[in-house]
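Breakdown of the fold
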Amino acid sequence: MKAAFVGKGGSGKTTLAALFCRFLAVQDAPRVLAFDADINQHLAVALGAGPDEAALLPALGDHVEEIKEYLRGDNPRIPSAAAMLKTTPPGPGSRIVRVAEPNPLYERLVRPIRGVRLAVTGPFAADDLGVACYHSKVGAVELLLNHMADGPGEYAVIDMTAGADSFASGLFTRFDCTFLVCEPTVRSVGVYRQYAGYARDHGVRIVVVGNKVDDAEDVAFLRAEAGDDLLCWFGRSGFVKAAERGRHLPIDELEPANARALADLKAALDASVKDWARYAEQAEQFHVRNALAWGNDRTGADLTAQIAPGFTLAPATAAAR
């Protein structure tokens, strides 16, 4: 399953993404793969890395061409890595990756952080200012997820950039479930409404997760605003406060109520229904948009021809079972 954490800046989405990854990893660490796709790269530290360790993590955004070259394999529709966009979908001959497998990309770009395998897009560097878009870095994650055939008990968890900026690429359609972290405030609810409106236009499943909830009044506020979208909520946490001060406790010391909320998230994600045909259709839609908007002009070729009609990741998933 693939899950994203989104929400207003400061809502706690990175903290909850880290907690969820640690919760899953206790059960089967090799089958959990985390991605930090936020412009503010904090997931490694939230997982327990020191600042110096986090700064040395290899950045996906620095290896986009290498990622393209690996994923294109011997797909006859893609003559070179230079002809690939971040939206290029897989087809016959493409390399399909799994959440839990040895491959050259993972060996070079994925690192374990306190039991969680993590890949990061990399920070928005000084050289990027004024000349690059952060979504060019996030494109590496979109490429990998487009080519990822995750099976039962496998989890890819992505910490997304804050607010509706997540909709600046087709990445928002790559998830089985999107956890929208919402504080009991008008501003946070406003982001939820904006995100939910965009998401539902594309059939994206949204689940609201309350955070920084103090009392029943906070819960009532969230329920009134989010209705049936509200799944669970997290209260103020001494466990989280300790982590924010650099003291990372074992996940089994998390407050029982908050641990139950993590179990609720896993249950909701596990209950998601895979639709590989729709997954392929959405990838193709965004690829056509990008090809017609700028990709064809940049490459001098019709990149819509990269789409292999009828190809889905379902056979690759079945073959790996």
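In this report, we go over the structure that sits alongside the text.

The volume enclosed by the largest pocket comes to roughly 420 Å³. Taken together, 24 residues make up the lining of the largest pocket; nearest its centre are G12, T14, T15, H42 and A46. For the lining of the largest pocket, the secondary-structure elements that each account for two or more residues are α1 (13-28), α2 (43-47) and α9 (238-244). No other element matches the six residues that α1 contributes to the lining of the largest pocket. Across the lining of the largest pocket, the residue classes break down as nine nonpolar, 10 polar and five charged.

Turning to the nonpolar core, a few remarks are in order. Core analysis: the biggest nonpolar cluster contains 53 residues, and F35, L60, L145, M148 and I158 have the highest contact counts within it. At six residues, the largest contribution of residues to this core is made by helix α6 (residues 135-146). Not counting residues within four places of it along the chain, the set of residues in contact with F35 comprises L43, L60, L118, A119, V141, L144, L145, M148, A156, V157, I158 and D159. L16, F23, A25 and V181 belong to the second-largest nonpolar core, a separate cluster that totals 42 residues.

Our next topic: the pattern of salt bridges. Two side chains bearing opposite charge may form a pair once their charged atoms approach each other closely. Counted according to the given criterion, the structure contains 17 salt bridges. Put simply, R108 and E66 hold a salt bridge, and the shortest N to O gap is 3.0 Å. Here E66 lies in helix α4 (residues 64-72) and R108 lies in helix α5 (residues 104-109), a separation of 42 residues in the sequence. Given the relative accessible area of 44%, R108 is considered partly exposed. Judged by relative accessible area, which is 26%, E66 ranks as partly exposed. Among the ionic pairs, D150 bridges to K274, the shortest N-O distance being 2.5 Å. Placement of the pair is D150 in the loop between α6 and β5 (155-160) and K274 in the loop between α10 (256-270) and α11 (276-299), with a sequence separation of 124 residues. On the basis of relative accessible area, D150 is assigned to the buried category, the value being 2%.

Conventions adopted
- Residues numbered from 1 in each chain as written.
- Predicted model: local features only at pLDDT ≥ 70, side-chain atom pairs only at ≥ 80, totals over all residues.
- Heavy atoms only, no water.
- 1 Å grid on protein atoms, 1.4 Å probe; cavity = no way out; pocket = protein on both sides within 12 Å on 5 of 7 lines; lining within 4 Å.
- Points joined across faces, edges and corners; volume = space filled by probe spheres on them.
- Helix = DSSP H or I, 4+ residues; strand = E, 2+ residues; numbered from the N terminus.
- Nonpolar A, V, L, I, M, F, W, Y, C, P; charged D, E, K, R; others polar.
- Core = buried A, V, L, I, M, F, W, Y, C linked by side-chain atoms within 4.5 Å.
- Buried < 20%, exposed > 50% of the residue type's maximum accessible area, 1.4 Å probe, protein only.
- Contact = heavy atoms within 4.5 Å.
- Salt bridge = Lys/Arg side-chain N within 4 Å of Asp/Glu carboxyl O.

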